[in-house]
Amino acid sequence: MQGFCYTRTVKKARLLEQAKEFYSSDQVNQLERAIDIAAKAHAGQKRKSGEPYLTHPLMVASFLVDWGMDIDTVIAGVLHDTVEDCDLTLEDIEKGFGHDTAFLVDGVTKLGKVRSGMHDISSYLPKTKDNLTKFLIAIGQDVRVVIIKLADRLHNLQTLQHLSAEKQQKIARESLEIFAPLADRLNMGRVRVRIEEISFSYLDPHRYRYLKKQLKQRLGRFSKKLDSVREQVTKELTKAGIKHSMVGRIKSAYSLHKKLVKTEQNIDAIYDMIALRIIVENKDLCYQVLGLIHALYTPIPKRIKDYIATPKQNGYQSLHTTVITKEEHIVEFQIRTEDMHDYAERGLAASFHYNEQKLNDAYAKGKIATMPANLQWISDLQAVAARVKAGEEVDFEKLKVNLFSDSVFVYSPKGDIFELPVGSSPLDFAYRIHSDIGKKAYAFKINGKIVGFGYKLQTGDIVEVLTRRSVRPNLDWLKRLKTPQAKQKVRKELKNDPKTSKKP
Ligand code: MN
């Protein structure tokens, strides 16, 4: 009993300590009140790890503080599981903490069902049009709901070791297929990488460990060479009177894995395993630095990217260039301002900074112009949410929503979700599961009905692959495939199979 209380107070104290740095004393008092209410509501409940349940909402809230979210969001993080799991009502929350917090808790509750600390995402993701609608409206009404869900998922991933192997796989896959892309669409780079790394380490532990080792080895070999490049560049920039900071950034295991799939597994063809990131005071200086680097080293023509003039769809901005040094080392540089850097790491969360209460209020009132211009899709959703609220009929089919517009989501018969590019065939899906299943595929069932190899997968399809040992890949298969990974595997199989390779 004593141990139980002890853990709880320590965690509470730590969160309050963390919050004191960023919020007013009034706000911290509110937060403390919320923690006490959550502690009472979750009293006696335990996580699968055996820890008091309260550790979970406190960790979620702690992430939200760390991401620089406003106090309403942090408090909603503390209370996010209380309505679903406990006797607390939304009215209680509204009375105690205001409309915004209650709205956020309601949004998070509606977005997922809580089952022993896990959320079943398939209950609200694009499985059916109706659920997709709900999901999109939730984002449009208040994107902070999604940010709380990301914090929730991140902590669930961090405590995944306590669940069964089957659940681990399921949750890791969902996270990789949905939550990581979602974080990416919001340009929350740091969160995306954390979600990807944990998920990948569960889905393919061997590969994960192998790539980690490769990165470490190469980093060791490369860092001395890099030091001299750093020195040269620092000297040039200082000579030109440009104030700057420079850090090395190492590729994550999962993004290395993705790149290796693209480059057909040639690890030596990957030039940005380690990049040098230069942060300067303003945009003009970014271009100036680029010029200086190109004067110093030979740039590789096709690898110069100006994401400042043309930001990525998620709003990411930077100049990228890959150069060959005099010692013939290949080095990638990323040049950006402090603001661009902050935005790349924290993404949309950066817009809800505790210091920017004004922007927050404007956002809450549905003033669309306050959204970063590059996240047009959120502005679009806000407009739609407003129309739905006003009782208008909205045809979601006609909406161009960029969120997942280039993907379809399909399910295995067991209910595991897979994200594939639009236009993928059931054969792509088969290869995605395993190449042994792909190469033996002879028929497919979509939602229980047999379809041909030419079928194009639709979001919500449940795909079953029928296999036969005698089946062999043939040249026609290449025409049916959309994903490069599957094509690559088929090509390899055709090469290894003397019977098929002789055919024209
Ligand atoms: Mn939760």
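Values in this document were obtained by computation on a predicted structure and should not be read as measured data.

Reading the values: rules and limits
- Residues numbered from 1 in each chain as written.
- Predicted model: local features only at pLDDT ≥ 70, side-chain atom pairs only at ≥ 80, totals over all residues.
- Heavy atoms only, no water.
- Helix = DSSP H or I, 4+ residues; strand = E, 2+ residues; numbered from the N terminus.
- Buried < 20%, exposed > 50% of the residue type's maximum accessible area, 1.4 Å probe, protein only.
- Contact = heavy atoms within 4.5 Å.
- Salt bridge = Lys/Arg side-chain N within 4 Å of Asp/Glu carboxyl O.
- Donors = N, O, S within 2.8 Å, 3.2 Å for Na, K, Ca; no water.
- Pairing = 2+ DSSP bridges.
- Axes fitted to C-alpha atoms, helices over the stretch in contact; angles between N-to-C directions.
- Patch = residues over 30% accessible without salt bridge, like charges linked within 9 Å, V, L, I, M, F, W, Y side chains within 5 Å.
- Areas by Shrake-Rupley, 256 points an atom, 1.4 Å probe, with all protein chains shown as cover.
- Lys, Arg positive; Asp, Glu negative; His and termini not counted.
- Charge placed at Lys NZ, Arg CZ, Asp CG, Glu CD.
- Core = buried A, V, L, I, M, F, W, Y, C linked by side-chain atoms within 4.5 Å.
- Expected span 1.5 Å × (residues − 1).
- Arc of directions from axis to C-beta.
- Polar contact = N/O pair within 3.5 Å; in protein donor to acceptor, adjacent residues only side chain to side chain.
- pLDDT = per-residue confidence, 0-100.
- Phe/Tyr/Trp six-rings, centres within 6.5 Å; stacked < 30°, edge-to-face > 60°.
- Lys NZ or Arg CZ within 6 Å of the ring centre and 35° of its normal.
- Parallel < 35°, antiparallel > 145°, perpendicular 65-115°, else oblique.
- Left-handed = near helix turned anticlockwise from the far one by under 90°.
- Nonpolar A, V, L, I, M, F, W, Y, C, P; charged D, E, K, R; others polar.

Quick look at the overall build of the protein
Helix and strand counts for the protein stand at 22 helices and 13 strands. Split into buried and exposed, the 504 residues of the protein put 50% on the buried side. Across the protein, contacts joining residues at least 24 apart in sequence account for 66% of those joining residues at least 6 apart.

Considering the pattern of salt bridges
In total, this model carries 17 salt bridges according to the counting rule given. In this structure, Glu236 and Lys239 form a salt bridge, with 3.5 Å as the shortest nitrogen-oxygen distance. One end of the pair, Glu236, and the other, Lys239, are both in helix α12 (residues 205-239), three residues apart, so they sit about a helical turn from each other. With a relative accessible area of 65%, Lys239 lands in the exposed category. Sharing partners across several salt bridges, the network here consists of Asp184, Arg192, Glu196 and Lys258.

As for the coordination of the manganese ion
Listed as protein donors to the manganese ion are His56 (NE2), His80 (NE2), Asp81 (OD) and Asp152 (OD); their distances from the metal cover 2.2 to 2.4 Å. Here the donor residues of the manganese ion are spaced in sequence according to H-x23-H-D-x70-D. Here His56 is found in helix α3 (residues 55-66), whereas its partner His80 is found in the loop between α4 (71-79) and α5 (82-85), with 24 residues between them in sequence. Both residues of the pair, His56 and His80, count as buried.

Here we look at the side chain of Lys12
Residue placement: Lys12 occurs in helix α1 (residues 2-20). The buried category is assigned to Lys12, whose relative accessible area is 17%. Ignoring sequence-local partners within four residues, the contact set of Lys12 consists of Glu32, Ile35, Asp36 and Leu58.

Digging into helix α18 (residues 426-433)
Across the eight residues that make up α18, a large majority, six, are buried. All of the buried residues in α18 are Pro426, Leu427, Asp428, Phe429, Ala430 and Tyr431.

Structural notes on the sheet that holds strand β13 (residues 463-467)
In a beta sheet, neighbouring strands pair by backbone hydrogen bonds and run either parallel or antiparallel. Reading across from one edge, β12-β11-β13 is the order of the three strands in this open sheet, with antiparallel pairing throughout. The open sheet terminates on both sides in strands that have one partner only, identified here as β12 (449-451) and β13. With strand direction ignored, the average angle separating the axes of adjacent strands in the sheet is 35°. As judged from the three bridges shared by strand β11 (residues 441-446) and β12, these two strands associate in the antiparallel manner. Within β12, the residue paired with Lys445 across the bridge is Ile450.

Remarks on a positive patch on the surface
Taken together, Lys489, Arg491, Lys492 and Lys495 make up a surface patch of like positive charges. Following the sequence through the fold, Lys492 ends up in helix α21 (residues 484-496).

A word on the nonpolar core
Membership of the largest hydrophobic core comes to 58 residues, with the highest contact counts inside it found for Leu31, Leu64, Trp67, Val78, Leu79 and Met188. Broken down by element, the residue count for this core peaks at eight residues, all from helix α9 (residues 144-158). Non-local contacts of Leu64, meaning those with residues more than four positions away in its chain, are made with Met69, Thr73, Val74, Gly77, Ile147, Ile148 and Ala151. Listed in part, the 37 residues of the second largest apolar core include Val229, Tyr254, Leu260 and Ile308.

What about helix α14 (residues 283-296)?
Taking 1.5 Å as the rise per residue, α14 with 14 residues should run 20 Å; its terminal C-alpha atoms sit 20 Å apart, in good agreement. Turning to α14, its buried residues are Leu285, Cys286, Val289, Leu290, Ile293 and Leu296. Each buried residue of α14 lies within a common arc of 145° when the element is viewed along its axis, so the set occupies one face. Facing away from the buried side of α14 by more than 90 degrees, the exposed set consists of Asp284 and Ala295. Elements in contact with the buried residues of α14: α12, β4 (274-280), β7 (319-324) and β8 (330-337). You can read the cap of α14 off the contacts: a side-chain oxygen lies 3.2 Å from the backbone nitrogen of Asp284, and it is on Asn282.

Topic: the confidence of the model for the protein
Put simply, the protein has an average pLDDT of 81, and 81% of its residues get 70 or more. When pLDDT is averaged over each helix and strand of the protein, the minimum, 30, is found for strand β1 (residues 114-115) and the maximum, 96, for α14. Contacts from residues 1-10, a stretch scored under 50 in pLDDT, to residues over four places away or in other chains number three contacts. Here residues 362-371 scores under 50 on pLDDT; set against residues more than four positions off or in separate chains, the count is 20 contacts.

Structural notes on the packing of aromatic side chains
Within this structure, the stated rule accounts for nine aromatic pairs. The interplanar angle of 15° and the centroid separation of 6.5 Å between the aromatic rings of Tyr297 and Phe333 together place this pair among those described as stacked. Residue Tyr297 is located in the loop between α14 and β5 (298-299), and its partner Phe333 is located in strand β8; the two are separated by 36 residues in the primary sequence. According to the relative accessible area criterion, Tyr297 is buried, its value standing at 3%. Residue Phe333 is classed as buried on the basis of its relative accessible area, which comes to 0%. Lying over the aromatic face of Tyr53, Arg47 brings its terminal NZ or CZ to 5.7 Å of the ring centre. The ring of Tyr442 has Arg468 lying over it, and the distance from NZ or CZ to the ring centre is 3.9 Å.

Considerations on the packing of helix α2 (residues 25-41) against α4
In the contact formed by α2 and α4, the axes pass within 9 Å of each other and the chain directions differ by 15°. By the angle class used here, α2 and α4 are roughly parallel. With respect to the hand of their crossing, α2 and α4 are arranged in right-handed fashion. Taken together, the residues of α4 that come into contact with α2 (itself represented by Gln27, Gln30, Leu31, Ala34, Ile35, Ile37 and Ala38) are Ile71, Val74, Ile75, Val78 and Leu79. Of the residues belonging to the contact of α2 with α4, the class tally is ten nonpolar, two polar and no charged.

Brief notes about unusual backbone geometry
A positive phi angle, near 60°, is found at Asn187, a position not held by glycine. Inspection of the secondary structure puts Asn187 in the loop between α10 (165-185) and α11 (189-203).

Remarks on the environment of Gln485
Mapped onto the elements of the fold, Gln485 is located in helix α21. Distance in space between the C-alpha atoms of Gln485 and Tyr431 is 8.1 Å, their sequence separation being 54 residues.

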